[in-house]
Amino acid sequence: MDEWISGNWDWCREPIGIAEVEEFRGLLQLCQGVKLRHGDDKVVWLGDEVGGFSVPNFKEKISRNAYSEPGFVFEWNRLVPRKVSFVAWWAALGRLSTRDTLIKRNIPVSSIVCPICSDLEESVEHIFISCGFAQSLWSVISLWCKVPTFLLFSFRDLLELHKFSEFSKDKAKVFQAVCLIAT
Ligand SMILES: [Zn+2]
């Protein structure tokens, strides 16, 4: 029998500041609609409506080019502090409290414009990808790491850059760590 998650919060302290309140709100959203079931956990393949994986079904989806990644999976990196990964993960989910999202949530901000370049709206994509400052930073990092100039269209591109490098597995992890720290 399914059971909704319910209970009372037993805080050591209440969430403080916009970032913590946003994180808490994000947690509540993740838990919304989640039902707990009795019995063992099981692995479900999201590429099929029934949830059961089969090679013929997978081959058929590939042949129809119909398979698409059901959801973004953030790749954690043990070489960087957890809070560094957490910021990148939060940004990839679009939950970082940038000015554009604050305004959407009716939280007053002095301006929606990026305070660094004063050119465009401050959003995750802007501050990490399209802002002139960010582009200069990635340019320096690409030279330092001796990789081709980054060609990025989204923040998630940045998080997956190491997968397309010519580095060995270990060096790719270090390269990923450099990118994460730079964010
Ligand atoms: Zn900017």
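Everything below is about the structure shown above.
(A) Expanded view of the coordination of the zinc ion. Within the first shell, the zinc ion binds the protein through Cys 114 (SG), Cys 117 (SG), His 126 (NE2) and Cys 131 (SG), at distances of 2.1 to 2.4 Å. Given four donor atoms and angles of 100 to 117° at the metal, the environment of the zinc ion is assigned as tetrahedral. Counting the intervening residues between successive donors of the zinc ion yields the motif C-x2-C-x8-H-x4-C. Of this pair, Cys 114 sits in the loop between α4 (99–104) and α5 (124–130) while His 126 sits in helix α5; the two residues are twelve residues apart in sequence, bridging distant segments of the chain. The pair Cys 114 / His 126 is uniform in exposure class, with both members buried.

(B) Up close: the packing of aromatic side chains. Counted by the stated rule, this structure contains twelve aromatic pairs. Centroid distance Phe 74 to Trp 76: 4.9 Å. Interplanar angle 80°. Geometry classified as edge-to-face. Residue class for Trp 76 comes out partly exposed when judged on its relative accessible area of 38%. Ring geometry for Phe 86 against Trp 90: centres 5.5 Å apart, planes inclined by 15°, an arrangement best described as stacked. Of this pair, Phe 86 and Trp 90 are both found in helix α3 (residues 82–92), four residues apart, which corresponds to roughly one turn of the helix.

(C) Structural view of the environment of Leu 120. As for its placement among the helices and strands, Leu 120 is situated in the loop between α4 and α5. Spatially, the C-alpha atom of Leu 120 lies 9.3 Å from that of Ser 130, the residues being ten residues apart in sequence. Leave out the neighbours within four places in its chain, and Leu 120 touches Ile 112, Val 113, Cys 114 and His 126.

Conventions we followed
Residues numbered from 1 in each chain as written. Predicted model: local features only at pLDDT ≥ 70, side-chain atom pairs only at ≥ 80, totals over all residues. Heavy atoms only, no water. Donors = N, O, S within 2.8 Å, 3.2 Å for Na, K, Ca; no water. Tetrahedral: all angles 85-135°; square planar, octahedral: opposite > 155°, others 65-115°. Helix = DSSP H or I, 4+ residues; strand = E, 2+ residues; numbered from the N terminus. Buried < 20%, exposed > 50% of the residue type's maximum accessible area, 1.4 Å probe, protein only. Phe/Tyr/Trp six-rings, centres within 6.5 Å; stacked < 30°, edge-to-face > 60°. Contact = heavy atoms within 4.5 Å.

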